[in-house]
Amino acid sequence: SKNFIFWGRLHQQKGLDRAIEIFNRIKLISPESKFFIIGPDGGEEKNLKNLVSKLQLETSVEFCGEMNFKEIKQLVKDASFYLQPSILEGMAMSVVEAMQLGLVPIVTPVGEINNYCVNKFNAILIDKNNLFLEDVNKLLFNHDRYMNIRKNAINSWTSNKIYHKSVYSASSELMSLANVD
């Protein structure tokens, strides 16, 4: 499928207004594409819905509200790309989860994202001049190229422990080193 998905708080720092504008441009070359936006309102939902109306994307952009991870995984089966042009980000757990689930992330290189998303290798990095749209276009219409980046996204995490587990084991090691009970 040529669908896009996001999950997280609908908050200004996630750059979802830009995500909708990016999707609007993608829709010009891939009219059948859809964009699923999942998550609780963090103050932006009304603005985002207004933008969707203004761009006449009501039939293509779906606000799914809050979902648990099992429900998200169901929806991921109908998607190929994880779209999150964050302005500010820490570790960006949802980007990691998206990669593990086989989605190609289209993201801004902020926070830790720079450390694990490599442009045109396992992700598409959003630039200021929108040159990345050409790369997205290539993936939409070149299945082999898409599958290659998808495989690299999944493999980026197969040898690594899942993030929260590695934090837990690092904490446990520190605790035993300090002999703290």
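Residues numbered from 1 in each chain as written. Predicted model: local features only at pLDDT ≥ 70, side-chain atom pairs only at ≥ 80, totals over all residues. Heavy atoms only, no water.

The next subject is the packing of aromatic side chains. Scanning the model with the defined rule gives seven aromatic pairs in all. With 5.9 Å between their ring centres and 70° between their planes, Phe 4 and Phe 23 make a pair best called edge-to-face. Taken together, the residues Phe 4 in strand β1 (residues 4-7) and Phe 23 in helix α1 (residues 16-29) connect sequence positions 19 residues apart. The class of Phe 23 is buried, set by a relative accessible area of 0%. Where Tyr 116 meets Trp 157, the ring centres are 5.2 Å apart and the plane angle is 70°; that geometry is what we call edge-to-face. One end of the pair, Tyr 116, is in helix α5 (residues 113-116); the other, Trp 157, is in helix α7 (residues 143-158), with 41 residues separating them in the sequence. One aromatic cluster is present, built from ring pairs that chain together Phe 4, Phe 23, Phe 35, Phe 81 and Tyr 146. The positively charged end of Lys 49 is found above the aromatic ring belonging to Phe 63, 5.4 Å away from the centroid. (Phe/Tyr/Trp six-rings, centres within 6.5 Å; stacked < 30°, edge-to-face > 60°. Helix = DSSP H or I, 4+ residues; strand = E, 2+ residues; numbered from the N terminus. Buried < 20%, exposed > 50% of the residue type's maximum accessible area, 1.4 Å probe, protein only. Lys NZ or Arg CZ within 6 Å of the ring centre and 35° of its normal.)

We now examine unusual backbone geometry. The backbone of Ala 92 shows a phi angle near 60°, a positive value even though the residue is not glycine. Here Ala 92 lies in the loop between β4 (81-84) and α4 (93-100). Look at Ala 92 and you get buried, because its relative accessible area is 6%. Phi at Lys 120 is positive, roughly 65°, even though this residue is not glycine. Tracing the backbone through its elements, the reader meets Lys 120 in the loop between α5 and β6 (124-125).

Roughly 240 Å³ of internal volume is contained in the largest pocket. What lines the largest pocket is a set of 16 residues, and nearest its centre among them are Ser 1, Ala 79, Ser 80, Tyr 146 and Arg 150. Elements with a contribution of two residues or more to the lining of the largest pocket: α6 (132-141) and α7. Per-element accounting of the lining of the largest pocket gives the leading share, four residues, to α7. (1 Å grid on protein atoms, 1.4 Å probe; cavity = no way out; pocket = protein on both sides within 12 Å on 5 of 7 lines; lining within 4 Å. Points joined across faces, edges and corners; volume = space filled by probe spheres on them.)

Within the largest apolar cluster, 54 residues are counted, with the highest numbers of intra-cluster contacts made by Phe 4, Ile 5, Phe 35 and Tyr 116. When residues in this core are grouped by element, the largest group, six residues, is from α1. (Core = buried A, V, L, I, M, F, W, Y, C linked by side-chain atoms within 4.5 Å.)

With that settled, consider a nonpolar patch on the surface. Among the surface-exposed residues, Leu 28, Ile 29 and Phe 141 lie close enough to one another that they form a single nonpolar patch of about 330 Å² accessible area. Tracing the sequence through the fold places Ile 29 in helix α1. Look at Ile 29 and you get partly exposed, because its relative accessible area is 35%. (Patch = residues over 30% accessible without salt bridge, like charges linked within 9 Å, V, L, I, M, F, W, Y side chains within 5 Å. Areas by Shrake-Rupley, 256 points an atom, 1.4 Å probe, with all protein chains shown as cover. Salt bridge = Lys/Arg side-chain N within 4 Å of Asp/Glu carboxyl O.)

The next thing to look at is the environment of Ile 38. Within the element layout of this structure, Ile 38 appears in strand β2 (residues 35-38). Between the alpha carbons of Ile 38 and Phe 63 there is a distance of 6.2 Å; along the sequence they are 25 residues apart. With near-sequence residues (within four places) excluded, Ile 38 lies in contact with Ile 5, Phe 6, Trp 7, Gly 8, Leu 10, Cys 64, Gly 65, Met 67, Ile 72 and Leu 75. (Contact = heavy atoms within 4.5 Å.)

With that settled, consider α7. In a regular helix each residue adds 1.5 Å, so 16 residues correspond to 22 Å; α7 covers 22 Å between its end C-alpha atoms and thus fits that length. Tyr 146, Ile 149, Asn 152, Ala 153 and Trp 157 are the residues of α7 that are buried. Buried residues in α7, looked at end-on, bunch into an arc of 130°, giving them a common side. In α7, the exposed positions angled more than 90 degrees off the buried face are occupied by His 143, Asp 144 and Thr 158. For α7, the secondary structure elements touched by its buried residues are β4, α4, β5 (104-107), α5 and α6. (Expected span 1.5 Å × (residues − 1). Arc of directions from axis to C-beta.)

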